[in-house]
Every structure is written in C-alpha cells, then in structure tokens.
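A look at the structure
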Protein chains: 2
Amino acid sequence: IKAGEKDAVKRAIRRWPPQHLLALIVHLPLKRARKLFGWLDKLQTRVVAELNPAFRSALLEDCTVQRLVDVLDGMEPEEAADQLDDLPDEVEAQVLPRLKDRGAIESLRDYREESAGSIMSRKFVAVPPDWTVGQVTHEIRANARAIEKLYAVYVVDAEHHPLGYLRLRDLLLSPKEARVADVMSTDFVAVGPDTDQEEVAAIADRYELSVVPVVDADGRLIGRITPKQLRRVLREEAEEDRNLMAGLPADTRPDESIVRIVRGRIPWLLIGLAGASLSATVVGAFEDQLAKAAILASFIPIVMSMAGNAGIQASTVAVQGLSTGTVKFADLGWRLMKELLAALANGAIAALVLVALVIGVAQVMDFDAPMVLAAGAGLSLLTVVVVAVAVGATIPIVLDKLGIDPAMATGVFITTGNDILSVMIFFLMMSLFYLPLLP
Amino acid sequence: IKAGEKDAVKRAIRRWPPQHLLALIVHLPLKRARKLFGWLDKLQTRVVAELNPAFRSALLEDCTVQRLVDVLDGMEPEEAADQLDDLPDEVEAQVLPRLKDRGAIESLRDYREESAGSIMSRKFVAVPPDWTVGQVTHEIRANARAIEKLYAVYVVDAEHHPLGYLRLRDLLLSPKEARVADVMSTDFVAVGPDTDQEEVAAIADRYELSVVPVVDADGRLIGRITPKQLRRVLREEAEEDRNLMAGLPADTRPDESIVRIVRGRIPWLLIGLAGASLSATVVGAFEDQLAKAAILASFIPIVMSMAGNAGIQASTVAVQGLSTGTVKFADLGWRLMKELLAALANGAIAALVLVALVIGVAQVMDFDAPMVLAAGAGLSLLTVVVVAVAVGATIPIVLDKLGIDPAMATGVFITTGNDILSVMIFFLMMSLFYLPLLP
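Here is what the cut-offs are and how they apply
Residues numbered from 1 in each chain as written. Chains lettered and ligands numbered in written order. Predicted model: local features only at pLDDT ≥ 70, side-chain atom pairs only at ≥ 80, totals over all residues. Heavy atoms only, no water. Helix = DSSP H or I, 4+ residues; strand = E, 2+ residues; numbered from the N terminus. Rg over C-alpha atoms; globule rule 2.2 N^0.38 Å. Buried < 20%, exposed > 50% of the residue type's maximum accessible area, 1.4 Å probe, protein only. Contact = heavy atoms within 4.5 Å. Areas by Shrake-Rupley, 256 points an atom, 1.4 Å probe, with all protein chains shown as cover. Lys, Arg positive; Asp, Glu negative; His and termini not counted. Charge placed at Lys NZ, Arg CZ, Asp CG, Glu CD. Least-squares fit on C-alpha atoms with pLDDT ≥ 70 in both. Pairing = 2+ DSSP bridges. Domains from an automatic or database assignment. Salt bridge = Lys/Arg side-chain N within 4 Å of Asp/Glu carboxyl O. Polar contact = N/O pair within 3.5 Å; in protein donor to acceptor, adjacent residues only side chain to side chain. Nonpolar A, V, L, I, M, F, W, Y, C, P; charged D, E, K, R; others polar. Phe/Tyr/Trp six-rings, centres within 6.5 Å; stacked < 30°, edge-to-face > 60°. Lys NZ or Arg CZ within 6 Å of the ring centre and 35° of its normal. Expected span 1.5 Å × (residues − 1). Bend = angle between axes of the 7 residues up to and from the residue. Axes fitted to C-alpha atoms, helices over the stretch in contact; angles between N-to-C directions. Core = buried A, V, L, I, M, F, W, Y, C linked by side-chain atoms within 4.5 Å. Patch = residues over 30% accessible without salt bridge, like charges linked within 9 Å, V, L, I, M, F, W, Y side chains within 5 Å. Arc of directions from axis to C-beta.

A tally of helices and strands in chain A yields 21 helices and five strands. Over its C-alpha atoms chain A spans a radius of gyration of 30 Å, topping by over 25% the 22 Å that the globule rule assigns to 439 residues. Seen through its principal axes, chain A has C-alpha atoms that stretch 100 × 60 × 35 Å. Counting across all 439 residues of chain A, residues that qualify as buried make up 56%. Within chain A, contacts between residues at least 6 apart in sequence are counted, and of these 68% link residues at least 24 apart. When the accessible surface of chain A is split by element, carbon and sulfur atoms take 59% of a total near 18100 Å². For chain A, the centre of its 45 positive side-chain charges and the centre of its 56 negative side-chain charges are spaced 9 Å apart.

What follows is the structure, given as structure tokens:
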C-alpha cells in the first residue's frame with residue numbers, strides 16, 4: 001500500500017484517531033514510516049510527541065525545518081529541549097528561533113545535560129499557606145487546561161520557598177474552609193537543578209515519590225519532574241551503561257548516519273588495537289619457542305576467550321552492584337575473596353575439561369610430551385580465569401571510588417587488559433613446564 | 001563504632017526517624033549493615049521495605065525466620081511476594097505460612113514471574129457509575145488509611161468490568177451531585193495479568209499512564225500497577241539485558257553465595273570453551289605453516305580482539321534498537337548496508353594502522369617478505385572487522401524475529417562465533433598470499 005499512493009493513504013487516515021496513527025507508524029519499517037510521516041498534516045504530526053525519543057529522532061532525521069517546528073510546538077518544553085539536542089547543530093539553529101515556546105526551552109537548555117533542571121517541567125500549581133482548600137480548588141479549576149497532569153499542589157511562601165505540599169486527596173477530603181497550612185504534608189523532599197538525573201531517580205525511589213520537585217540554589221521551587229520523565233531517565237541511564245560497556249559513545253542511537261557510526265566506534269577500536277598489539281608483542285617474544293612447538297599457538301584463542309568471558313561476567317556483576325548500591329568500596333576485600341573462590345572452582349572445571357580435550361586429541365595427533373602439555377594448559381587456564389576475574393571484579397569498584405563511570409571499564413579496557421595478561425600467563429607457564437622438555 | 005558495641009548503638013538510634021536509619025544502612029559496608037540490622041527492633045526493621053530489592057535481599061541473606069516474617073509483614077503484598085521469590089526455597093517454605101498477608105501474597109504468586117499479575121497491587125478504589133461525586137469522596141475518606149497512594153478511582157459495573165476512571169482532579173472540580181458516569185474519562189487502557197512486565201512499561205509510556213490497571217481474562221478489574229513498580233520493572237529489565245549480554249543468568253544478583261556464582265557462570269564459560277576449542281582447531285590445522293612462520297601467531301590476538309570489539313559494538317546497537325523499537329526486521333537490509341559501509345571505513349583505518357605497525361616493526365626485526373606480511377595482515381583485519389560487524393548487526397535481529405531474546409546472543413555467542421571466523425579468515429588469507437612466498 002505504501003508504494004507511493006500518497007493521496008489514497010492520506011484520505012484513508014484523515015480521520016484516524018492519534019493512537020491508531022501512532023500504532024501504524026510504530027509498526028512500519030523506518031523508511032516507510034518516514035514517508036508516511038511526510039504525508040501527515042500539521043495536526044497529525046503532533047502524534048510523534050508520544051513516540052519514544054530514539055525512534056522519534058530517527059523518524060525526524062531528514063524532514064524539513066517547518067515540519068520540525070510543527071512537531072516541536074506540539075511537545076512539552078522539556079521534551080522539545082531534549083529533541084533539539086538530538087538534532088544536528090545547523091538544523092537546531094534554524095529551528096529554535098521559530099518555536100512558540102522558545103523562552104521556556106532556552107531556559108531549560110541552560111542547565112547541564114542530564115541534570116534535574118534539564119528534564120523538569122516548569123508547569124506546576126503552587127499556592128500560599130494561608131489560602132483555604134476552596135481557594136486552591138478554584139485555582140486548579142482556573143488552570144485545569146494548562147496543567148495536563150496534576151499530581152500534587154505545592155505550598156510556597158511569598159519568596160517561592162516550598163513549605164509543604166497537598167496531595168489531591170488532601171484537597172478532596174478536607175472541608176472547603178480548611179487552611180492549606182493545616183492540611184498540607186511537610187515531609188518535603190526536593191532536588192536541586194544540578195542534581196544528576198540518575199540521582200533524581202534514586203531519590204524518587206528512596207522516598208517513594210511519583211513526582212520530584214526541583215528547587216533552585218536559593219531554595220525557591222522552580223519545577224517538577226513527572227513520572228514519565230523519571231521512567232525516561234531510567235531507560236536512558238540503562239542505555240548509556242550498555243553503550244559504555246560495549247565501547248560506544250554514551251549517546252549512541254540505533255539509527256545514525258554512517259559518519260557518526262564511524263566516528264563513534266573508531267576510538268575504542270583503535271584503543272583495542274593498541275592493546276592487542278601488546279598481546280601480539282608478548283606472543284612475538286616467544287617466537288622461537290613457537291617455531292619449536294607450533295601447537296602452542298592453538299591455545300591462544302582458548303586462554304584469550306576464557307579470560308574475556310570470565311572477566312566480563314565478574315565486571316558486569318560489579319557494575320550492576322555499584323549502580324544498585326549493593327556493592328561498595330568498603331566491601332571490596334570480602335567480595336574479592338568470594339569472587340576468587342568461585343573463579344577457582346570455575347577455572348578448575350574448565351581446566352579439567354581442557355586437560356581431557358588435549359589428552360583426547362593426543363590420541364589422534366602426535367604431540368611431544370602430551371601429558372605435560374595437557375597439565376600445563378590446564379594450569380594456565382585456571383590461572384588465567386582467576387586473574388581475569390580478579391581484574392574484572394576489582395577495576396570497576398576502584399574506578400567508581402575514583403569518580404570514573406565504572407561501566408566504561410567493563411568493555412574494552414578490562415577485555416584488552418585480560419587479553420594481554422592471559423597470553424602472558426600462558427606462555428610463561430609453558431616456558432617453565434613444557435618447553436624445557438622439548439628436544 | 002560498629003565494632004561490637006551493640007547496646008550503645010541501639011540506644012543511640014532508638015529514636016531515629018526511619019529515613020535516617022535507612023541512610024545509615026545504605027552507607028555502611030554490607031557486613032556491618034547486616035550486623036546493625038540484627039540489632040534493630042521489630043518496628044525498625046520495617047525500614048528495609050524502602051530499600052532497593054537487590055540490596056535488601058543481600059541484607060536479609062542470613063537473618064532468622066522470625067525476622068523475615070517481621071520484615072515481610074511490613075511490606076506491600078506485591079513486594080513481599082517478590083522478596084519471597086528471592087529467598088532460598090527452604091526458607092520460603094518456613095516463612096510463607098507465618099505471614100499476615102499470606103492469602104494476598106499466594107494469589108499474586110500464582111501469576112507467572114514478571115507478568116503484570118505478579119507485580120500488581122490489589123488495592124484500588126472502584127465505584128459504580130451511578131454514584132455521585134459526593135459518594136465517591138465519602139468512600140475514599142472511609143478507606144483513606146488502607147490506600148496509601150491514590151492515583152485514580154476506577155468506575156466498574158456490577159460484574160467489575162471497568163467502564164472508565166476518575167482522575168482525582170475530576171472529583172475535586174466536579175459538583176458533589178454530579179453522577180460519576182457523567183464526569184469519568186472513558187479512554188480506559190488496561191493490561192491482562194499475563195502481560196509481560198516489559199510490555200506493561202511500554203504501554204505506560206505509550207499512553208502516558210502513571211498507573212496501569214489490570215483486568216482478568218473476563219475483563220474484570222483486579223489490580224493496578226503503581227509508578228514505583230513501573231520504575232522497578234525498567235530497572236529489572238535493564239539488569240536482565242546486561243546480565244544476558246555478559247553471559248550471566250538473567251536474575252544474577254551482585255551478592256550471591258559462592259555456589260550460586262559458580263552455578264550461574266560455568267555454563268557460559270563452558271560454551272565459550274567449546275567455541276574456543278573450535279578456534280584452536282582452526283589454528284591447529286595451520287600448525288605446519290606456523291612452524292615455518294611463527295610470527296603469524298602474533299596476529300591471532302589482534303584479529304580476535306578486533307573481531308570481538310567490532311562485533312560487540314554492532315550487536316549492542318542492534319539490541320538497543322530492538323528494545324526501543326527503532327530497529328525492526330523489515331529494516332534489516334538497509335541497516336546492514338549502513339553498518340557494512342561504516343565497518344569498511346573503520347576496518348580500513350584499523351588496517352592501515354596495522355600495516356604501518358608491521359612495517360615499523362620490520363625495520364627492527366627480521367621478517368620474511370615484510371611488505372606482503374603487512375599487506376596480508378591489513379587485508380585480513382579489514383575482512384575480519386567487516387564480517388564481525390555483519391554477524392553482530394544481523395544475529396540479534398534474526399533472533400528477535402524468531403522470538404529469542406536478542407540480548408542473549410550479544411554475549412558469548414557472537415563473540416565466540418567471531419573468534420572462530422576471525423582466526424579462520426586470517427589463516428586462509430595468509431595461506432593464499434604470504435605463505436607461498438616463504439622458502
């Protein structure tokens with residue numbers, strides 16, 4: 001159907017409710033979704049405000065400035081600001097001046113990226129403490145249209161310092177004449193505009209807040225962070241961690257231009273190449289031994305991949321634990337002991353399998369001193385697994401203590417480090433036990 | 001202070017507000033937190049209901065059955081049910097019969113793990129459509145204590161089928177005499193109890209719901225999922241993905257017994273070992289060539305680690321895109337083309353660096369046919385990067401299409417597959433170009 005029949009499609013969807021349109025867009029392949037999007041009229045384009053940001057950015061990638069303005073005008077300022085950040089700088093410069101909410105968007109963008117200030121909504125209801133419940137209700141009625149989602153009414157003094165808040169149920173259940181100050185809750189928890197969004201989500205959980213109020217440096221209430229934004233923060237932070245762990249820029253999007261893909265990935269690839277060159281140097285140092293016993297080269301993939309897998313397992317658990325608060329620097333020694341004992345067990349199991357494999361293969365092929373080869377390989381593998389786990393379990397915790405994002409370590413750094421160590425351990429052990437036995 | 005002085009500490013914290021106690025527990029090393037927890041009195045133990053589940057499980061690991069009963073009695077049934085799932089089976093069997101909310105907890109546990117039914121709260125307010133707003137307000141007042149968080153009032157018919165819902169603001173702003181049916185919203189979106197929790201979170205985002213109602217197979221309203229649970233779902237799903245990507249069981253916790261660590265990690269390590277043995281076989285097949293040119297072994301770590309890094313980058317992006325809906329099976333061809341072009345660029349850059357390195361080293365060391373060695377290594381590396389990216393970008397999308405969790409593929413499978421391919425490509429290329437030149 002979407003092979004070009006623009007008019008027929010436009011006619012068919014003219015009267016569709018936004019939810020259906022949205023479902024259609026979400027289920028189309030990206031290219032067709034873009035085409036369809038190009039055919040929508042101005043009001044219909046507003047539906048994309050509901051899409052998740054990554055998909056929306058992909059959809060908007062090559063649409064016109066006017067269309068972008070239409071779309072962004074249909075979004076809440078805090079979301080429009082985020083969307084603008086995702087646009088190329090030239091496009092952003094053309095779009096921003098033409099937006100309806102330009103002022104609100106610009107002031108949000110003054111805050112550091114991923115800070116509470118940049119994700120807050122400036123729309124909230126605040127009332128003075130000497131109002132009555134009836135007055136507050138009247139005020140809400142007057143602003144009902146402007147405030148789409150109402151979770152709580154904040155009580156502030158003349159300087160906009162928060163004194164407490166009213167849950168809607170407090171308003172509902174209190175007599176009209178009651179004074180706000182008498183029925184409000186005062187266990188007020190707020191964050192500053194510079195609080196990192198990850199911390200905001202943690203605070204929301206700790207204090208069971210659905211909405212998190214934001215106060216400026218002078219303690220004045222300036223905004224609130226909605227449940228929708230809180231969920232978005234959790235998604236974003238998880239994506240960032242995953243990207244860092246894989247050696248990708250934190251803000252990688254699944255649909256990027258080829259230039260951005262190359263630019264984003266090449267740094268870690270080159271760092272990996274530098275590390276691998278060190279491993280290569282280690283192997284090169286044993287060139288003469290390899291010439292005598294080329295079979296040793298077969299074990300390089302085995303020790304490297306076991307070190308990689310064991311190291312990533314241990315470091316992922318550590319990164320996870322750091323982010324939930326279960327793992328702390330103070331627990332390092334005790335955790336490490338447990339990890340090492342488990343690594344000894346796992347390493348021993350893997351080593352036994354390898355020993356059996358080598359002895360099995362030795363029945364078919366002709367090795368020098370096959371028993372020593374098997375034993376040496378097994379012992380190397382055990383050592384490699386234990387060392388890789390020690391590195392994987394320790395580095396993230398130490399980095400976190402130093403204020404560096406531990407997710408960054410898990411990917412290329414730990415893997416590359418473990419590659420080098422594993423090759424080194426293997427050849428050193430073989431030089432000690434096996435090579436002296438060769439003719 | 002926490003070096004044993006139980007009575008002094010107990011006295012000091014007796015009158016602390018729960019939030020302070022919580023902050024103290026969170027900031028202590030795990031061992032000391034457990035010790036402190038053992039000293040708390042029954043009411044104080046309730047604070048742990050506020051902790052994040054992973055940390056709480058770690059804290060509760062070796063406490064007594066009576067203490068567990070006290071703690072679980074202080075939690076909402078849906079959270080207590082989750083906590084029970086985290087306990088060893090023997091302990092669970094002892095604790096469950098002694099719980100106050102046993103009935104509610106057991107019925108939640110009838111639902112499949114990670115389904116909407118298992119995370120919903122059964123506490124909600126439902127009213128018939130012919131009530132007046134005044135009656136509803138009265139009903140809420142009567143139940144105010146039982147319902148801690150009130151987000152919406154559901155309107156149901158005599159068989160408990162939902163007809164619509166009332167936002168609290170609707171109640172607040174409507175006259176007391178208004179009929180519920182006249183002021184309710186009817187754009188009712190609900191999930192079934194078997195809906196997967198990940199899907200529930202997606203629906204909450206799509207329809208901008210703070211709370212998601214749950215209806216059973218007969219369309220009767222049976223519960224609601226709170227914002228807190230929705231955020232928890234997002235955290236859990238992110239953790240599961242990360243675990244699967246690292247070759248860990250989905251429900252890995254940062255603080256597990258050594259036996260659980262071993263059991264959880266060994267399967268993937270052995271799968272990795274099996275894969276690595278295949279790589280070893282490939283290398284072994286070229287033993288004679290290696291004996292002639294042992295220097296070739298140096299390149300094994302390079303091609304393997306580049307294949308690993310490039311493959312993980314591409315597959316992480318694909319997994320991410322699948323989970324946000326930006327990447328779809330229908331886009332596979334087009335995405336793959338972009339990925340491959342980017343891989344060609346990145347592979348070429350890395351290959352040039354490697355060629356320069358080899359030529360540089362050849363000035364110092366003595367290689368046979370150094371130019372051909374450099375060119376062959378570079379060409380192999382380019383091919384390896386392109387193949388690894390093709391595998392990494394394709395497999396998750398194909399698995400997703402087949403209904404398999406793509407996160408599972410990203411870890412051990414893709415890495416191991418790429419290891420084998422990379423070694424094979426390298427030695428085949430070298431047999432073609434370089435080895436024939438050797439004396």
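This next bit is on the relation of the copies chain A and chain B. Turning chain A through 180° and shifting it by 0.0 Å along the axis lays it on chain B, with an RMSD of 0.1 Å. Such values leave the two copies arranged in the relation of a two-fold axis. Across chain A, the rotation axis passes nearest the C-alpha of A291(A), at a separation of 2.3 Å. A shared binding surface is used by both copies, with 100% of the interface residues of chain A retained as interface residues in chain B.

A few words on the pairing of strand 2 (residues 152-156) of chain A. Each regular strand carries side chains that alternate between the two faces of the sheet. Residues and elements named next belong to chain A. With five of its five residues buried, strand 2 lies for the most part within the structure. Burial along strand 2 is two-sided: the face carrying A152, Y154 and V156 and the face carrying V153 and V155 are both buried. As defined by bridge partners, strand 2 adjoins strand 3 (residues 162-167) across five bridges and the pair is classed as antiparallel. From the neighbouring strand, V155 faces strand 3, where its bridge partner is G164. In textbook terms, the turn of a hairpin is the stretch between consecutive antiparallel strands, and for strand 2 and strand 3 this stretch comprises five residues, one of which, H160, has a positive phi near 70°.

Our focus in this paragraph is the domain arrangement of chain A. Domain boundaries in chain A define domain 1 (6-106), domain 2 (125-229) and domain 3 (258-437). Using C-alpha coordinates to define each centre, domain 1 of chain A is positioned 32 Å away from domain 2 of chain A.

Moving on to the pattern of salt bridges. In this structure the tally under the stated criterion is 22 salt bridges over all chains. A salt bridge links D182(B) to R179(B); its shortest N-O distance comes to 3.8 Å. Taking relative accessible area as the criterion, D182(B) reaches 58% and is therefore assigned exposed. What makes R179(B) partly exposed here is its relative accessible area of 37%. The network of salt bridges with shared partners includes D205(A), R231(B) and R235(B).

Attention shifts here to the interface of chain A and chain B. Taken together, the contact pairs 123 residues of chain A with 123 residues of chain B. Applying the counting rule to chain A against chain B returns eight salt bridges. Note that R235(B) is salt-bridged to D205(A), the shortest N-O span being 2.6 Å. Across the chain A-chain B interface, the total number found is 29 residue pairs in polar contact (both at pLDDT 80 or more). Broken down by element, the residue count for the side of chain A that touches chain B peaks at 17 residues, all from helix 18 (residues 299-324) of chain A. Taken together, the residues that form the side of chain A that touches chain B break down as 70 nonpolar, 25 polar and 28 charged.

Residue and element names in this part refer to chain A. By the definition in use, this model includes twelve aromatic pairs over all chains. Pairing F426 with F427 gives two aromatic rings, centres 5.2 Å apart and planes at 75°, and the pair type is edge-to-face. Owing to a relative accessible area of 1%, F426 belongs among the buried residues under this scheme. Looking at F427, the relative accessible area reads 0%, which means it is buried. Taken together, the ring pairs in this structure connect F286, F299, F426 and F427 into an aromatic cluster. Positioned over the ring face of W334 is K338, at 5.3 Å from the centre of the ring.

For the rest of this paragraph, the subject is helix 21 (residues 406-433) of chain B. Taking 1.5 Å of rise per residue, 28 residues should cover 40 Å, and helix 21 of chain B covers 38 Å from first to last C-alpha, within 8% of that figure. Of all the bends in helix 21 of chain B, the greatest, near 40°, is centred on F413(B).

This part covers the packing of helix 15 (residues 227-245) of chain A against helix 21 (residues 406-433) of chain A. All names here are of chain A. Here helix 15 crosses helix 21 at 35°, and the two axes come no closer than 6 Å. Residues D241, L244 and M245 of helix 15 lie in contact with helix 21, whose contacting residues are A407, M408, T410 and G411. Partitioned by chemical class, the residues of the contact of helix 15 with helix 21 number four nonpolar, two polar and one charged.

Here we take up the side chain of Q313(A). Tracing the chain through its elements places Q313(A) in helix 18. Since its relative accessible area comes to 2%, Q313(A) is described here as buried. Beyond its immediate stretch of four places on either side in the chain, Q313(A) contacts A246(B), G247(B), L248(B), R265(B), W268(B) and L269(B).

Let's shift gears to the environment of A343(B). All names here are of chain B. For A343, the location among the structural elements is in helix 19 (residues 332-364). Exposure remark for A343: the relative accessible area of 3% places this residue in the buried category. Along the backbone, A343 and Q44 are 299 residues apart, and their C-alpha atoms lie at a distance of 58 Å. Beyond its immediate stretch of four places on either side in the chain, A343 contacts A348, V385, V386 and V389.

Residues and elements named next belong to chain B. The mixed open sheet is built from three strands, whose spatial order is 1-2-3. Strands at the two margins of the open sheet, each flanked by one partner only, are strand 1 (125-127) and strand 3 (162-167). Here the strands of the sheet are splayed against their neighbours by 30° on average, with no regard to which way each runs. Relative to strand 2 (residues 152-156), strand 1 is paired through three bridges, and the arrangement is parallel. Each bridged residue has a counterpart across the sheet, and for A126 the counterpart in strand 2 is Y154. Contacts from helix 11 (residues 133-142) reach strand 1, strand 2 and strand 3, with the element oriented near 150° to strand 1.

This part takes up the nonpolar core. Counting residues in each nonpolar core, the largest one holds 102 residues, and the members touching the most others are I25(A), I225(A), I25(B) and I225(B). Residues within four places of I225(B) in sequence aside, it is in contact with A116(B), I119(B), M120(B), V191(B), V200(B), S210(B), V211(B), V212(B), V214(B) and L230(B). Within the second largest apolar cluster, 96 residues are counted, among which are M429(A), M430(A), A294(B) and V386(B).

There is a patch of like negative charges on the surface, built from E198(A), E199(A), D400(A) and D405(A). The class of D400(A) is partly exposed, set by a relative accessible area of 38%.

We now examine helix 11 (residues 133-142) of chain A. Buried within helix 11 of chain A are the following residues: V133(A), G134(A), V136(A), T137(A) and I140(A). End-on, the buried residues of helix 11 of chain A take up no more than an arc of 160°, which puts them together on one face. Facing away from the buried surface of helix 11 of chain A by more than 90 degrees, the exposed residues are H138(A) and A142(A). Looking at the packing, one finds that the buried side of helix 11 of chain A touches strand 1 (125-127), strand 2, strand 3, helix 12 (168-173) and helix 13 (180-183) of chain A together with helix 12 (168-173) of chain B.

What follows concerns the side chain of N243(B). As for its position among the elements, N243(B) is in helix 15 (residues 227-245). Overall, the relative accessible area of 1% leaves N243(B) in the buried class. When residues no more than four places from it in sequence are discounted, the contact partners of N243(B) are T316(A), Q320(A), L248(B), P249(B), A250(B) and T252(B).

In this fold, R335(A) is placed in helix 19 (residues 332-364). Judged by relative accessible area, R335(A) falls into the buried class, the value being 7%. Other than its neighbours up to four places away in sequence, R335(A) contacts V317(A), A318(A), V327(A), I397(A) and P254(B).

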